[in-house]
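# Results of the structural survey
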Amino acid sequence: MTVFGAGGIGLYFAGMLARAGHQVTVVGRQETVEAAAAGPLLVSRAGEESSIPDVQVVTELRPGGDPADLVIVAVKAWQVRDVAEALEPVVGPETTILPLQNGVEAASDLAAVLGVERVLGCTCVVIAERVEPWSVRCLGAHAAVEIGALTPDSAERVEAVVEALTPAGIAVTRTNDIEATLWRKLMLISSYGGVGALARQPVGVVSTEPETVALVRAAMVEVLEVARARGIALDRDDVDRMMKVYAGFGPETTASMQRDLAAGRPSELHYQSGAVVRFGRAAGVATPIHQTIYASQLPSETSVREH
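These notes cover the structure that comes with them.

Definitions and cut-offs
- Residues numbered from 1 in each chain as written.
- Predicted model: local features only at pLDDT ≥ 70, side-chain atom pairs only at ≥ 80, totals over all residues.
- Heavy atoms only, no water.
- Helix = DSSP H or I, 4+ residues; strand = E, 2+ residues; numbered from the N terminus.
- Expected span 1.5 Å × (residues − 1).
- Bend = angle between axes of the 7 residues up to and from the residue.
- Buried < 20%, exposed > 50% of the residue type's maximum accessible area, 1.4 Å probe, protein only.
- Contact = heavy atoms within 4.5 Å.
- Core = buried A, V, L, I, M, F, W, Y, C linked by side-chain atoms within 4.5 Å.
- Salt bridge = Lys/Arg side-chain N within 4 Å of Asp/Glu carboxyl O.
- 1 Å grid on protein atoms, 1.4 Å probe; cavity = no way out; pocket = protein on both sides within 12 Å on 5 of 7 lines; lining within 4 Å.
- Points joined across faces, edges and corners; volume = space filled by probe spheres on them.
- Nonpolar A, V, L, I, M, F, W, Y, C, P; charged D, E, K, R; others polar.

### Points about helix 12 (residues 288–306)
With 19 residues, helix 12 should reach 27 Å at 1.5 Å per residue; the first-to-last C-alpha distance of 27 Å fits that figure. Remark: the principal bend of helix 12, roughly 45 degrees, maps to Leu298, with a proline, Pro299, within the next four residues. Among all positions in helix 12, only Ile289, His290, Ile293, Tyr294, Gln297 and Glu301 are buried. Residues of helix 12 that are buried make contact with helix 6 (178–199), helix 8 (210–229), helix 10 (256–263) and helix 11 (273–283).

See the structure below:
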């Protein structure tokens with residue numbers, strides 16, 4: 001198995017799969033290669049730490065080896081297109097590719113380069129923080145993913161991934177409509193993360209202000225209207241469902257986009273609120289809340305990418 005990306009989520013999946021007995025190769029930076037040479041991968045959760053040996057780390061994939069059976073793409077959304085070409089040395093006819101990105105475009109970006117039959121759609125929920133180049137901490141529950149085929153011909157690949165992930169302690173749900181699943185998650189993360197970025201406060205503070213909570217819901221409705229204009233099978237019940245998820249978050253919860261924007265790091269702004277705006281314009285659907293989020297955060301996003 002190959003895990004492309006050595007951030008928190010990449011290291012977490014690599015560790016869980018290796019602990020379950022799979023041979024795992026991680027693609028990361030040179031600092032990760034050096035850290036892996038010094039000792040085993042460390043995965044901690046709920047105060048318990050596991051040392052996981054024999055996880056290989058490389059800085060690039062080279063032709064000549066056997067194709068991977070499963071490739072997990074664990075980079076940020078804006079990196080996916082470049083990663084697609086970098087994966088070609090380990091992709092064969094039986095290779096399945098599982099993207100873990102936020103947003104709704106990663107699977108199609110990979111499929112355009114590597115073939116739609118090889119790529120599954122996926123949403124992932126886990127809070128995994130890389131604390132050192134070769135150490136990761138899981139905050140809260142273990143990972144849960146929802147996966148589905150992009151084409152009917154890929155259905156058997158879903159079952160193979162379920163068989164790989166489940167023994168590794170990763171909860172897997174199958175979906176027959178992965179597009180709806182992806183847009184439902186976009187509805188959640190772009191709305192509470194975008195409003196959180198504007199408010200500069202975690203969920204526990206934002207949720208105490210009824211007008212701000214109403215803004216989160218209105219942002220979700222914008223995503224709903226864009227999705228429906230694109231033929232995605234979502235309805236108002238999905239807004240209620242995502243608002244219940246939002247209400248269940250811990251008080252210190254912030255979205256990854258919100259954290260990156262606050263810290264002055266490159267974020268997924270273009271692939272969250274930016275995507276809502278872009279798809280809305282193409283469909284003739286107004287998205288004033290997401291337009292405000294996108295336009296207000298764009299100057300700092302552009303600045304950090306230029307330096």
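### A short note on the nonpolar core
With 41 residues, the main nonpolar core has Tyr12, Phe13, Val26, Leu98, Val145 and Ile147 as its most contacted residues. Elements with a minimum of two residues in this core: helix 1 (8–19), strand 3 (41–45), strand 6 (70–73), strand 8 (120–125), strand 10 (135–138), strand 11 (144–149) and helix 5 (155–165). Examining the composition of this core, we find that 7 residues originate from one element, helix 1, more than from any other. Setting aside residues no more than four positions away along its own chain, Leu98 makes contact with Leu70, Val71, Ile72, Val73, Leu120, Cys122, Ile147, Val161 and Leu165. Among the nonpolar cores identified, the runner-up in size contains 34 residues, and Ile178, Leu186, Tyr246 and Phe279 belong to it.

### What to know about the pattern of salt bridges
A full pass over the atoms with the stated rule returns 12 salt bridges. Among the salt bridges present, the one from Asp238 reaches Arg184, with a minimum N-O distance of 2.8 Å. One end of the pair, Asp238, is in helix 9 (residues 236–247); the other, Arg184, is in helix 6, with 54 residues separating them in the sequence. The pair formed by Asp238 and Arg184 is uniform in burial state, with each residue classed as buried.

### Comments concerning empty space enclosed by the protein
For the coordinates displayed, the defined rule picks out 3 cavities of 30 Å³ or more. The computed volume of the largest cavity comes to approximately 50 Å³. Taken together, Pro99, Gln101, Gly103, Val104, Glu105, Ala106, Ala107, Gly121, Cys122 and Leu182 form the lining of the largest cavity. Where the lining of the largest cavity is concerned, the elements lending two or more residues are helix 4 (106–114) and strand 8. Of the residues in the lining of the largest cavity, the class split is 6 nonpolar, 3 polar and 1 charged. As a volume, the second largest cavity reaches approximately 40 Å³. In terms of lining residues, the second largest cavity is bounded by Ala77, Gln101, Asn102, Gly103, Val104, Glu105, Ala106, Asp109 and Tyr271. Here the residues of the lining of the second largest cavity sort into 4 nonpolar, 3 polar and 2 charged.

None of the figures reported here should be taken as evidence of function without further support.
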